[in-house]
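An overview of the molecular structure
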Amino acid sequence: MILRLPFAKARSPRATEVGSPQLDVRNVLWLLAAMVFVVGPHLLRLPDWVGIFFMAVVAWRAWISWYALRAPPRLLMWAITLAAVVGVFVAFGRIVGREGGVTLLILMASLKLLEMRNQRDVILSIYLGFFLVMTNFLFSQSIPLGLYMLACVWIFVATLVGFNRVGRATLGERMRPAAALLVQALPLMAAFFILFPRTTGPLWALPTDSRSGTTGLSESMSPGNIANLIKSDATAFRVHFKDGLPPYRTLYWRGPVLVDFDGATWNMRRHVSAGRTDHPRSERPVRYAVTLEPTGKNWIFGLDIPGSVPAGTTLLSDMQMRYRRPVTERMRYDMTSYVDYRFGLEANRAQLQAALQFDPERNPRTVALGRQWAAENPDPRQVLAKASILYNSGTFAYTLDPPLLERRHPFDDFLFNSKQGFCEHYAGSFTLLMRAAGVPARVVTGYMGGEVNPLNDELIVRQADAHAWSEIWIRDLGWVRIDPTASVSPLRVENGVNAALGPIGLLPSLIDADRTGLIGGIRYAWHALNSQWDEWVVGYNLDRQRQFFTSLGYPSVDWRTLGFWLMTAIIAIGAAVTIGLLVHDRPPRREASLVAWDRFCAKLAAAGLARAPHEGPIDYLLRVRASLPTAASAAEEITRRYVEARYGAGASRQELRDLARLVREFRAA
Amino acid sequence: MAFPASFRQSVSDWIFRAQVPETPPVTLGQRRIFILPSKQGYAFGGTLLLLLVASINYALSLGFVLTFTLASMAGVAMLHTWRNLAHLKLRPGRSDAVFAGETARFTVSVETPSQARFSIAMRRRDGEAVYADVIPGETTAIALPVSAAHRGLVSCGRIEVFTRYPVGLFHAWSYVDFGLALLVYPRPDAMAGTPPAQSKSYHEEGIPVPGDEEFNMLRAYRAGDPPRQIAWKALAREQGLLTKEFSAMASSELWLDWEDARGADVEARLSVLCHWVLQAEGYGQSFGLRLPGTEIQPARGEAHRNRCLEALALFEAPR
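**Examining the interface of chain A and chain B**
With 58 residues of chain A at the contact, the number on the chain B side is 50 residues. Buried surface at the junction of chain A and chain B, both sides included, amounts to about 4800 Å², of which 73% is carbon and sulfur. On the chain A side of the contact with chain B, A:Tyr127, A:Met134 and A:Leu181 bury the most area, a combined 14% of that side's loss. The tally of links between chain A and chain B comes to one salt bridge. Where B:Asp133 meets A:Arg165, a salt bridge forms, and the shortest distance between an N and an O atom there is 3.2 Å.

Okay, here's the thing in structure tokens:
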């Protein structure tokens with residue numbers, strides 16, 4: 001028995017219409033290239049096997065096309081498809097999440113490429129490609145990715161053009177019409193983008209991992225996790241101050257307040273009572289607007305301490321702000337804060353009690369030190385002074401790469417052995433010392449400082465600015481912020497993390513990049529551009545749309561008004577593009593003599609004496625003369641002048657005008 | 001749609017106001033070009049809808065940008081598809097007669113008065129589409145094939161000129177009818193042999209083979225004389241252009257007669273006659289054709305042959 005390879009060489013040129021658009025090898029290769037381009041960014045973020053699978057299938061398809069082989073048999077296709085689904089399930093645990101869903105889509109698209117047989121399959125693949133463009137935006141909507149995806153769309157449209165051409169088209173013959181289509185589509189696209197009515201929320205509930213941007217602070221803090229966060233250059237939020245920047249040392253952006261402590265990890269309390277904002281005020285509030293990147297968490301950030309909170313937000317008694325749902329998309333809110341404040345003078349007993357809890361079995365040396373201070377002098381101010389001496393003794397160092405601490409007694413290890421740490425080490429150990437000394441204390445996490453973009457006076461707060469500090473409660477003063485890190489590294493608090501770590505710091509280069517000079521200028525310009533992009537393009541939602549129309553002088557536009565304007569814009573832009581095309585396509589102006597001649601012929605045709613297509617002017621004249629003796633002399637004059645103008649010496653403007661007049665006056669009947 | 005084809009056709013004729021035949025050249029003006037989304041276009045619309053829903057649901061601003069870019073692109077593509085067809089100038093080209101069983105071609109030439117046009121297609125009703133690019137300053141001939149199975153007059157009918165370029169989302173079309181028609185001659189019956197001898201001086205075997213006949217006389221050359229009958233030797237002797245006349249040809253009046261053609265039916269007999277006509281013409285024989293109700297006097301030459309073949313093509317058997 002002879003076994004034949006299922007897809008051995010079998011040059012079987014499909015019967016296609018002669019000269020009709022077809023599944024040409026080049027067209028297929030174009031489609032494959034377009035697919036690789038659009039899937040590329042995904043392959044960088046998905047597991048390696050996805051990329052290998054995809055590229056292998058694409059290469060296989062290219063091979064099949066190039067050598068005009070048969071498509072793989074159906075059974076094999078089913079097996080591969082099944083394997084792909086199982087692979088996704090094994091890798092992601094499910095097939096609906098963001099990564100899992102996108103992976104599945106990529107794998108299915110590649111398999112569609114493999115079994116592509118006719119024009120319909122091609123079209124389906126190209127439309128799938130547009131979906132893959134969309135899936136990229138689930139991960140990032142940055143300017144570079146946007147431009148890259150625009151290029152991908154361009155390639156896809158060019159592919160479409162190629163499939164609609166007879167025979168082969170050159171690179172230019174594909175790319176130029178595609179570019180023309182996209183460029184001419186831009187004004188209409190802009191009108192759609194600005195005017196299309198936006199909705200308030202999703203149409204259906206989304207899986208929680210549907211969007212990116214879940215890096216950030218968490219509900220708990222143990223030594224080491226902020227240090228990891230700080231290596232990220234990602235933007236946490238941007239702030240626009242309405243009345244100028246407050247002093248840098250006051251820029252403490254309050255986030256999760258951590259009260260519960262188990263000896264190593266600080267945690268948020270599950271239930272915190274609601275708070276009030278009617279604390280004593282000593283000055284005018286700072287007014288600002290925050291554009292928060294998605295965090296996937298409920299809390300939002302504000303300067304210590306909030307004066308008025310944005311809509312949909314609850315202020316808790318520990319001055320945390322909770323939004324009504326997790327922040328899954330970029331959110332902009334206006335609020336005010338008091339940077340010179342006093343609050344919590346009448347803190348309730350339960351709250352203070354919670355702020356004194358600790359496990360005396362763990363970190364015994366730290367606990368002992370705190371108790372010793374309290375025994376020496378129970379006044380919190382004296383205890384604080386002792387702590388200040390301890391942290392300022394010069395033996396502590398500020399570093400992003402502290403040695404690993406002992407698991408059971410990490411703060412003992414830090415305070416008495418390693419003495420190298422980051423903000424969470426200082427804040428954590430300090431809070432524990434305070435509690436041991438009988439002073440109610442808690443850890444506050446958030447961000448410290450930020451970077452001012454001189455181009456638009458915006459403050460950019462990055463994950464790298466993540467910080468942790470302490471709050472202690474003193475009678476008559478209320479909750480007071482103590483930042484032990486400031487004792488160790490005042491630069492950190494005065495100038496930000498880069499200054500604290502110095503030029504030979506252990507930070508990755510993305511943070512300690514040059515912030516002055518040309519590079520710095522470009523960086524700032526880039527950040528300013530990104531900020532505008534985020535605000536007006538990526539963040540263009542219902543609120544932005546309203547804001548935009550309010551700024552134009554239309555305070556309350558509803559979807560009907562928008563719809564009307566949209567229709568108007570479509571008609572206006574459509575008319576403009578049409579006229580542009582018509583003017584561009586206008587055939588070259590015909591000679592005046594020819595126009596006159598055609599008119600003359602039309603008049604005779606109306607009289608039943610049409611010129612035959614093959615008939616020259618002289619022959620025609622002979623026929624006209626025979627049939628219409630009354631018009632013979634006029635016809636003769638017109639013909640003579642026409643022949644002279646067109647085939648003879650030519651005619652002056654005046655002569656052409658005369659010819660036109662003669663034709664106008666000519667009566668065939 | 002469930003309408004019978006004939007009903008749809010008449011509706012279509014009414015809507016598209018077919019005026020037949022039109023005087024060339026026909027310019028595809030704005031009013032005679034129709035445009036609708038193609039099947040792909042509708043699918044594209046569905047895709048756009050899905051993209052829009054995804055953009056709304058995931059609040060993806062760049063998703064909106066993508067959706068609106070593609071939607072606007074489709075709108076612009078409609079204009080481009082339309083302009084790819086607009087103002088094309090069409091003229092009927094040569095449409096040569098063929099023998100039954102061959103493929104006939106109706107030719108239409110296309111010119112563009114402005115920019116180049118790509119993937120311009122034409123098709124007859126129920127016919128295959130033929131595609132071509134039209135370059136400014138050049139005349140592109142598009143030949144519409146029609147398989148001529150039976151003899152007779154084949155009319156081209158209305159031609160649909162259409163295009164889907166550049167992206168295939170729209171189908172722009174126009175109808176043109178030049179009233180083109182061509183003749184399909186009967187299929188020559190190669191097994192028919194030679195016509196039976198019917199004139200007294202004619203050989204029994206039928207058509208004379210050159211050299212077989214008796215040389216009769218030389219006469220002055222007349223236009224249309226086959227080259228093989230020219231007296232080349234006389235020409236070499238500078239006696240002028242003379243034609244050799246053979247006795248058989250001079251005296252014979254070869255009549256290709258319906259009655260002599262044997263065949264199962266009318267078509268078979270016409271095929272035999274067709275073969276004889278071609279054979280006689282091939283030998284330069286002067287021949288006449290006798291059909292019931294028609295008689296073509298003996299003559300020779302291309303025009304005569306075509307006249308005879310036309311008579312065969314259009315022959316209708318008396319009842």
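There's plenty left to go through after this.
**Focus: the sheet that holds strand S10 (residues 321-323) of chain A**
Residues and elements named next belong to chain A. Pairing in this open sheet of three strands is antiparallel, and the strands run S6-S10-S9 from one edge to the other. Either end of the sheet is taken by a strand with one partner, and the two such strands are strand S6 (299-300) and strand S9 (313-315). Two elements, S9 and S10, share three bridges in a ladder whose sense is antiparallel. What sits directly across from Thr314, in S10, is Arg322.

**Brief notes about the confidence of the model for chain A**
Residues and elements named next belong to chain A. Within chain A, residue pLDDT values average 80, and 86% of them lie at 70 or more. Here helix H16 (residues 497-501) stands out as the least confident element of chain A, with mean pLDDT 50; helix H6 (residues 143-163) is the most confident, with 93. In this model, residues 207-214 is a region of pLDDT below 50 whose contacts with residues beyond four sequence positions or in other chains number 25 contacts.

**Observations regarding the pairing of strand S15 (residues 254-257) of chain B**
Side-chain alternation along S15(B) places B:Leu254 and B:Leu256 on one buried face and B:Trp255 and B:Asp257 on a second face that is also buried. Regarding the hand of the β-α-β motif, the stretch spanning S15(B), helix H6 (residues 266-282) of chain B and strand S16 (residues 287-291) of chain B is right-handed.

**Some words on the sheet that holds strand S17 (residues 294-299) of chain B**
All names here are of chain B. If you walk across this open sheet you meet the three strands as S15-S16-S17, and the pairing is mixed. On the outer flanks of this sheet lie S15 and S17, each paired with one strand and no other. Strand after strand, the sheet turns through a mean of 15 degrees between neighbouring axes, direction not considered. Examined bridge by bridge, S15 and S16 share four bridges and lie parallel to one another. Each bridged residue has a counterpart across the sheet, and for Leu254 the counterpart in S16 is Phe287. Packed onto the sheet, helix H7 (residues 302-313) meets S16 and S17 and runs at close to 15 degrees relative to S16.

**Quick look at the packing of aromatic side chains**
Both the distance between ring centres and the angle between the ring planes are used here to describe each pair of aromatic rings. One pass over the structure, following the stated rule, counts 39 aromatic pairs over all chains. Relative to B:Phe64, the ring of A:Phe196 has its centre 6.2 Å away and its plane inclined at 45 degrees; by these criteria the two rings are tilted. Taken together, the residues span two chains, with A:Phe196 in the loop between helix H7 (171-195) and strand S1 (220-221) and B:Phe64 in helix H3 (residues 61-85). Of the two residues examined, A:Phe196 and B:Phe64, each falls in the buried class. When the ring of A:Phe241 is compared with that of A:Trp253, the centres are 6.1 Å apart and the planes differ by 40 degrees; the resulting orientation is tilted. Separated by 12 residues along the polypeptide, A:Phe241 in strand S2 (residues 235-241) and A:Trp253 in strand S3 (residues 252-261) bring together distant segments of the chain.

**Comments concerning the packing of helix H10 (residues 364-376) of chain A against helix H13 (residues 423-436) of chain A**
All names here are of chain A. At a minimum axis distance of 7 Å, the contact between H10 and H13 shows a crossing angle of 50 degrees. Judged by the inter-axis angle, H10 sits oblique to H13. Considering how the two elements wind past one another, H10 and H13 form a crossing that is right-handed. Packed against H10, whose contacting residues are Thr366, Val367, Leu369, Gly370, Arg371 and Trp373, the element H13 presents Ser429, Leu432, Leu433 and Ala436 at the interface.

**What about the confidence of the model for chain B?**
A low pLDDT score tells you not to read the predicted coordinates there in detail. Residue and element names in this part refer to chain B. Predicted confidence across chain B gives a mean pLDDT of 81, with 85% of residues reaching 70 or more. Across residues 199-212, confidence stays below pLDDT 50; counting only partners more than four residues off in sequence or on other chains, it has 22 contacts. This complex was scored by the predictor with a pTM of 0.66 and an ipTM of 0.77.

**Looking at the pattern of salt bridges**
Residue and element names in this part refer to chain A. Enumeration according to the criterion identifies 29 salt bridges over all chains in this entry. Across the pair Glu458 and Arg238 runs a salt bridge, and its minimum N-O distance is 3.9 Å. Remark: Arg238 occurs in strand S2 and Glu458 occurs in strand S16 (residues 458-462); sequence separation between them is 220 residues. As far as burial versus exposure is concerned, Glu458 and Arg238 are alike and both buried. Of the charged contacts in the structure, one is a salt bridge between Glu471 and Arg254, with a shortest N-O distance of 2.7 Å. Of this pair, Glu471 sits in strand S17 (residues 466-474) while Arg254 sits in strand S3, placing them 217 residues apart in sequence. With relative accessibility at 0%, the residue Glu471 sits in the buried group. A single network of salt bridges, built from pairs that share partners, joins Arg254, Asp304, Arg442, Glu471 and Arg481.

**Section: H7(A)**
In this model, H7(A) (25 residues) spans 36 Å end to end at C-alpha, consistent with the 36 Å of a helix rising 1.5 Å per residue. At A:Leu186, H7(A) shows its strongest bend, of approximately 40 degrees, with the proline A:Pro187 following within four residues.

**Considering a nonpolar patch on the surface**
A contiguous nonpolar surface patch, about 370 Å² in accessible area, is contributed by B:Tyr221, B:Trp232, B:Leu235 and B:Leu241. On the secondary structure map, B:Leu235 appears in helix H4 (residues 232-236).

**Side note on the environment of A:Gly129**
Tracing the chain through its elements places A:Gly129 in helix H5 (residues 119-137). For A:Gly129, the contacting residues outside a window of four places in its chain are A:Met35, A:Val38 and A:Phe156.

**Quick notes on the side chain of A:Arg198**
With respect to the helices and strands, A:Arg198 occurs in the loop between H7 and S1. Judged by its relative accessible area of 7%, A:Arg198 is buried. At 2.9 Å, the side chain of A:Arg198 and the backbone oxygen of A:Phe193 are in polar contact. Within the local environment of A:Arg198, its side chain forms a polar contact with the backbone oxygen of A:Phe196, the two atoms lying 2.8 Å apart. With near-sequence residues (within four places) excluded, A:Arg198 lies in contact with A:Phe192, A:Phe193, A:Tyr540, A:Asn541, A:Leu542, A:Gln545 and B:Phe64.

**Looking at H5(A)**
Helix length check: H5(A), at 19 residues, gives a terminal C-alpha distance of 28 Å against a target of 27 Å (1.5 Å per residue), a fit within 8%. Across the 19 residues that make up H5(A), a large majority, 15, are buried.

**Structural notes on the side chain of B:Ser38**
Residues and elements named next belong to chain B. By the secondary structure assignment, Ser38 is in the loop between strand S2 (34-37) and helix H2 (39-58). Ser38 sits in the buried class, given a relative accessible area of 5%. At 2.6 Å, the side chain of Ser38 forms a polar contact with the backbone oxygen of Gly168. Every residue in contact with Ser38, bar those within four places of it in the chain, is listed here: Arg164, Gly168, Leu169, Phe170 and His171.

**Brief notes about the pairing of strand S5 (residues 286-292) of chain A**
All names here are of chain A. Most of S5 sits inside the fold, with six of its seven residues counted as buried. Bridge count between S2 and S5: five bridges; the pairing is antiparallel. Looking across to S5, one finds that Phe237 is bridged to Leu292. Strand direction decides the pairing type here: S5 and strand S11 (residues 331-337), joined by seven bridges, are antiparallel. When the bridges of S11 are listed, Val286 appears paired with Ser337.

**Structural notes on the environment of B:His171**
All names here are of chain B. Looking at the element boundaries, His171 is found in strand S11 (residues 170-176). Once residues within four sequence positions are removed from consideration, His171 is found in contact with Phe34, Ile35, Leu36, Pro37, Ser38, Arg123, Glu160, Phe162, Thr163 and Arg164. A polar contact of 2.9 Å, which involves the side chain of His171, links it to the side chain of Arg164.

Reading the values: rules and limits
- Residues numbered from 1 in each chain as written.
- Chains lettered and ligands numbered in written order.
- Predicted model: local features only at pLDDT ≥ 70, side-chain atom pairs only at ≥ 80, totals over all residues.
- Heavy atoms only, no water.
- Contact = heavy atoms within 4.5 Å.
- Buried area = accessible area lost by both parts, 1.4 Å probe.
- Salt bridge = Lys/Arg side-chain N within 4 Å of Asp/Glu carboxyl O.
- Pairing = 2+ DSSP bridges.
- Helix = DSSP H or I, 4+ residues; strand = E, 2+ residues; numbered from the N terminus.
- pLDDT = per-residue confidence, 0-100.
- Buried < 20%, exposed > 50% of the residue type's maximum accessible area, 1.4 Å probe, protein only.
- Right-handed = clockwise from strand over helix to strand, strands pointing away.
- Axes fitted to C-alpha atoms, helices over the stretch in contact; angles between N-to-C directions.
- Phe/Tyr/Trp six-rings, centres within 6.5 Å; stacked < 30°, edge-to-face > 60°.
- Parallel < 35°, antiparallel > 145°, perpendicular 65-115°, else oblique.
- Left-handed = near helix turned anticlockwise from the far one by under 90°.
- Expected span 1.5 Å × (residues − 1).
- Bend = angle between axes of the 7 residues up to and from the residue.
- Patch = residues over 30% accessible without salt bridge, like charges linked within 9 Å, V, L, I, M, F, W, Y side chains within 5 Å.
- Areas by Shrake-Rupley, 256 points an atom, 1.4 Å probe, with all protein chains shown as cover.
- Polar contact = N/O pair within 3.5 Å; in protein donor to acceptor, adjacent residues only side chain to side chain.

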